[in-house]
Amino acid sequence: MALIVLDHPLVKHLLTRLRDEQTEPARFRAYTRQLTFLLAIEATRGIPVVSGTVQTPLEPTEGHTLAKTVVAVPILRAGLGMLEPITDLFPDVRVGYVGLERDEQTAIARAYYRKLPPLEDSRVLLLDPMLATGGSAAQALDVLFEAGARDVAHICVVATPEGVQTLDSRYPEVEIYTASLDRGLNAQKYILPGLGDFGDRLYGTNAR
Ligand code: PRP
Ligand code: URA
């Protein structure tokens, strides 16, 4: 499996702002968008292009057009915070949704929604900020591959060795793009050092 941990000063800066417990939801959402933008650029580096001629105001020259559709699939709910930068970058993107929620006691995800466009010939970007146990991402990948996906990258803000191992054992062909490989999980299956409950911090639903 390819695990790509982005090594860029701006990625480190944005991740630190996300980790900071003082960062409130409005800025948390903005930092998430900026960081996802950088992750998405890397995750789409390998997209093929076709060459052709373009007429500039001065003369014809060689140009390039993306030869593969991008499909973005956020895992609800926290993955929604990563969607806007992808739709900004790729205006022709198609968007699917997978709804999953971890049980607070068992940390096992329950599926509650799915809606997908055709996936066969596309670069599919699975969006979920937290790869903790890997259970949610693995369930979402089951859905995507059953629906015909063949070329999938998982984009997350933070990953754990456990989560990477889970995906590697089931879907070794899936590339993981992340800002950090964190240390591990606590007893409640939260990422350490992590940044807390991503969905709660994104949407202000935590009790603080
Ligand atoms: C969080 C997160 C991931 C999942 C990761 O979602 O957004 O989807 O946990 O954990 P895992 O790798 O152990 O499966 P949560 O279930 O809390 O739902 P939410 O996005 O609605 O907050
Ligand atoms: N989901 C989160 O939002 N945070 C974690 O640390 C683990 C799962």
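Because the structure is a prediction, the values reported are computed rather than measured.

Enquirer: Explain the overall build of the protein residue by residue, including any values.
Expert: Of the regular secondary structure elements, the protein holds six helices and 13 strands. Taking 2.2 N^0.38 as the reference for a compact globule, 208 residues should give roughly 17 Å; the C-alpha atoms of the protein span a radius of gyration of 18 Å, in line with that estimate. Each principal axis of the C-alpha atoms in the protein carries an extent, and together these give about 60 × 35 × 25 Å. Across the 208 residues of the protein, 44% fall into the buried class. Of all intrachain contacts in the protein linking residues separated by at least 6 positions in sequence, the fraction that spans at least 24 positions is 63%.

Enquirer: An account of the site of ligand 2 is requested, with residue identities and associated values reported.
Expert: Arg 102, Met 130, Ala 132, Lys 189, Tyr 190, Ile 191, Gly 196, Asp 197 and Phe 198 make up every residue found near ligand 2. For ligand 2, an oxygen atom lies 2.8 Å from a polar atom in the backbone of Ile 191. Between ligand 2 and the protein, one listed contact pairs a nitrogen atom with a backbone N or O atom of Gly 196 at 2.8 Å. Burial of ligand 2 by the surrounding chains reaches 89%, relative to a free accessible area of 230 Å². Its atoms largely coinciding with the cavity grid, ligand 2 occupies the largest pocket.

Enquirer: Can you break down the site of ligand 1 residue by residue, with the values?
Expert: Around ligand 1, the structure places 14 residues, and the nearest of them are Arg 102, Asp 128, Thr 133, Gly 134 and Ser 136. One nitrogen or oxygen atom from the side chain of Asp 128 is found 2.6 Å from an oxygen atom belonging to ligand 1. Between an oxygen atom of ligand 1 and a main-chain N or O atom of Gly 134, the distance comes to 2.8 Å. Considered on its own, ligand 1 offers 500 Å² of accessible surface; in the complex 91% of this is hidden by protein. Structurally, ligand 1 is housed in the largest pocket. Broken down by secondary-structure element, the contributors of at least two residues to the shell around ligand 1 are strand E6 (97-102), strand E9 (130-131) and helix H4 (135-146). Ranked by residues supplied to the shell around ligand 1, first place goes to E6 with three residues. The class makeup of the residues in the shell around ligand 1 is six nonpolar, four polar and four charged.

Enquirer: Tell me what's going on with the pairing of strand E8 (residues 123-127), and back it up with residues and numbers.
Expert: Among the five residues of E8, five are classified as buried, and the element is accordingly described as predominantly covered. Burial of E8 is two-sided: the residues Arg 123, Leu 125 and Leu 127 facing one way and the residues Val 124 and Leu 126 facing the other way are all buried. Sheet topology places strand E4 (residues 70-76) next to E8; five bridges connect them, and they run parallel. Across the sheet, residue Ala 72 finds its bridge partner in E8, namely Leu 125.

Calculation criteria
- Every chain's residues receive numbers from 1 upward, in the order its sequence appears when written.
- To read the labels, note that chains go from A and ligands from 1, taken in the order they are written.
- Side-chain atom pairs in this predicted model are given and counted only at pLDDT of 80 or more, local residue features only at pLDDT of at least 70, and totals for whole chains, interfaces and linings cover all residues.
- With hydrogens and water set aside, each side-chain value is computed from the structure's full complement of heavy atoms.
- A helix here means a DSSP run of H or I that spans at least four residues, while a strand means a run of E at least two residues long, and both kinds are numbered starting from the N terminus.
- C-alpha atoms define the radius of gyration in this analysis, and the globule rule sets the expected value at 2.2 Å times the number of residues to the power 0.38.
- For every residue, the accessible area obtained with a 1.4 Å probe (protein chains only) is divided by the maximum for its type, and the residue is called buried under 20%, exposed over 50%, and partly exposed between those limits.
- In this analysis, two residues are considered to be in contact whenever any of their non-hydrogen atoms come within 4.5 Å of each other.
- Nearness is defined per residue: one heavy atom within 4 Å of the molecule or strand is enough.
- What qualifies as a polar contact is a pair of N or O atoms within 3.5 Å, subject to a donor-acceptor requirement within protein and to the restriction that residues adjacent in sequence count only when both atoms come from side chains.
- All accessibility values rest on the Shrake-Rupley procedure with a 1.4 Å probe; residue burial counts only the protein chains present in the view.
- Every definition here rests on a 1 Å grid over the protein atoms only: cavities are sets of points where a 1.4 Å probe fits but cannot get out, pockets are open sets enclosed by protein on both sides within 12 Å along at least five of seven lines, and lining residues have some atom within 4 Å of a point.
- Think of it this way: if more than half of a molecule's atoms are within 2 Å of a pocket's grid points, that molecule is in the pocket or cavity.
- Just so you know the grouping, Ala, Val, Leu, Ile, Met, Phe, Trp, Tyr, Cys and Pro go in nonpolar, Asp, Glu, Lys and Arg go in charged, and all remaining residues, Gly too, go in polar.
- In this description, strands pair whenever DSSP reports at least two bridges between them.

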